[in-house]
Structures are given as structure tokens and as C-alpha cells.
Amino acid sequence: KQEVEVAVCSLYEMLGSFHILINNAGVAQFGKFLEMPREEWEHVVKVNLFGAYYMTRSVYPYMVEQKRGDIINIASTAGEKGAATTSAQTASKAALIGFTESLAMEAREHNIRVMTVIPSTVVTESTIAKGLVDQNNQERLRAEDVATYIIVALKLHSRSCLKRASLWSTNPGN
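First, a word on what this report is: a plain description of the structure on this page.

### Brief notes about the nonpolar core
Next up, step 1: Residues Met63, Ile71, Ile112 and Val114 are the most contacted members of the largest nonpolar core, which totals 14 residues.
Next up, step 2: For this core, the leading source of residues is helix α2 (residues 38-66), giving four residues.
Next up, step 3: Ignoring sequence-local partners within four residues, the contact set of Met63 consists of Phe18, His19, Ile20, Leu21, Arg68, Gly69, Asp70, Ile71 and Ile112.
Next up, step 4: Among the nonpolar cores identified, the runner-up in size contains 11 residues, and Ile72, Met115, Val122 and Ala165 belong to it.

### Focus on the layout of surface pockets
Next up, step 1: Its volume calculated, the largest pocket comes out at about 1,000 Å³.
Next up, step 2: Along its surface, the largest pocket is lined by 35 residues, and Ser76, Gln89, Thr121, Val122 and Thr127 are the ones closest to its centre.
Next up, step 3: Elements with a minimum of two residues in the lining of the largest pocket: α3 (87-107), α4 (125-129) and α5 (143-155).
Next up, step 4: Per-element tally for the lining of the largest pocket: the top contributor is α5, with four residues.
Next up, step 5: Its residues assigned to classes, the lining of the largest pocket shows 16 nonpolar, 15 polar and four charged.

### Quick look at the packing of α2 against α3
The relative placement of two packed helices is expressed as an angle between their axes plus a distance between the axes.
Next up, step 1: Contact geometry of α2 with α3 gives a least axis separation of 7 Å together with a crossing angle of 20 degrees. Taken together, the axes of α2 and α3 lie roughly parallel to each other. As for how α2 packs across α3, the hand of that crossing is right-handed. Mapping the contact onto sequence places Trp41, Val44, Val45, Asn48, Leu49, Ala52, Tyr53, Thr56 and Tyr60 in α2 and Ser87, Ala88, Gln89, Ala91, Ser92, Lys93, Ala95, Leu96, Phe99, Leu103, Glu106 and Ala107 in α3.
Next up, step 2: In terms of residue class, the contact of α2 with α3 is built from 14 nonpolar, five polar and two charged.

### Some words on the pairing of strand β1 (residues 20-23)
Next up, step 1: The two faces of β1 differ: Leu21 and Asn23 on one face are buried, but Ile20 and Ile22 on the other face are not.
Next up, step 2: Remark: the β1/α2/strand β2 (residues 69-74) crossover connection has right-handed handedness.

The rules behind each value
- Residues numbered from 1 in each chain as written.
- Predicted model: local features only at pLDDT ≥ 70, side-chain atom pairs only at ≥ 80, totals over all residues.
- Heavy atoms only, no water.
- Core = buried A, V, L, I, M, F, W, Y, C linked by side-chain atoms within 4.5 Å.
- Buried < 20%, exposed > 50% of the residue type's maximum accessible area, 1.4 Å probe, protein only.
- Helix = DSSP H or I, 4+ residues; strand = E, 2+ residues; numbered from the N terminus.
- Contact = heavy atoms within 4.5 Å.
- 1 Å grid on protein atoms, 1.4 Å probe; cavity = no way out; pocket = protein on both sides within 12 Å on 5 of 7 lines; lining within 4 Å.
- Points joined across faces, edges and corners; volume = space filled by probe spheres on them.
- Nonpolar A, V, L, I, M, F, W, Y, C, P; charged D, E, K, R; others polar.
- Axes fitted to C-alpha atoms, helices over the stretch in contact; angles between N-to-C directions.
- Parallel < 35°, antiparallel > 145°, perpendicular 65-115°, else oblique.
- Left-handed = near helix turned anticlockwise from the far one by under 90°.
- Right-handed = clockwise from strand over helix to strand, strands pointing away.

So this is what it looks like as C-alpha cells:
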């Protein structure tokens, strides 16, 4: 918490304003509910939900003062639909989606757009290491696909907000 506040204050002093905040920090732990240690379950929620909360809590007041800004929270399709071994991931990402929906309604009066990008599995070092994807599968989403979507959403005129969208691999293959 304190590290986030110090970093945000330092950035504000350097930049003078905040226009865009993208909350993309995330971890995933998979396992059956009764078999996953409580500490691992809590860690997933702390990173995936509270990481975005602390960053938003620190940056949002500057955006309110500026009367503009964009906040983008990266969730996961796991937040829309659970699976047998994803209780921590699903709970944290569903909560992030709900947090984003509520903040979007609150922030509108300050001309701040709050959006959720909800990608299916993206090829990253983490998803490769967990065996969720094959790095050679060219049909799976890549980070640049998510980034392209974000750029498109940000390019919309400030009078409009693409509040929530899921981004799926068209045909992820095997």
C-alpha cells in the first residue's frame, strides 16, 4: 500500500498529471478448493484485486481533480465463468469486474472512463510455465492483441466509453 502511494506521488511529481492507468498485474494459482493452501488463495486475491484497488485508490484522486482520465482493469474470462480448479482466479477476477463496473458509474461525473478488458488465455511466460498454452501456438491471444484492443478503446472520443469487452482467441486450436 505505502509503496504504491510513494511511487504514484513520485510519478505525479515527475509527470504532472495522470491520463491513463492500466491495472494489469495478475497471478494465477490453480487447484481444488480444499487442496489449495489458504495463503496461496489469499495471494491470488491480493494481487489480482487489491493490486488494482491500491493503484486506483492512489491515482483516481488526481484524475478527479483533472476532471478526466482513463482506467483500464485487465480481468480474465475466468471472472465470467469458473472451472473446477479456478476458485481463487475466478473469485478475484469476478470481483475485479464488479469493482470496475461500480467505479465506472461513480467516475462518469468526473469524465473518467473506467473499462474492463476480459481476455481469454494469453500467451505469456506465466501461462507457458503453467502449461496452459504452447508458446508455438500462433492461434492463441498475445499481449499485442490485448494492447491493440486497449488502444482502440482509448482512441474513442471521450464522450464514449467501451466499458466492458471480452477478447477471445478466434480458434485457439489444441
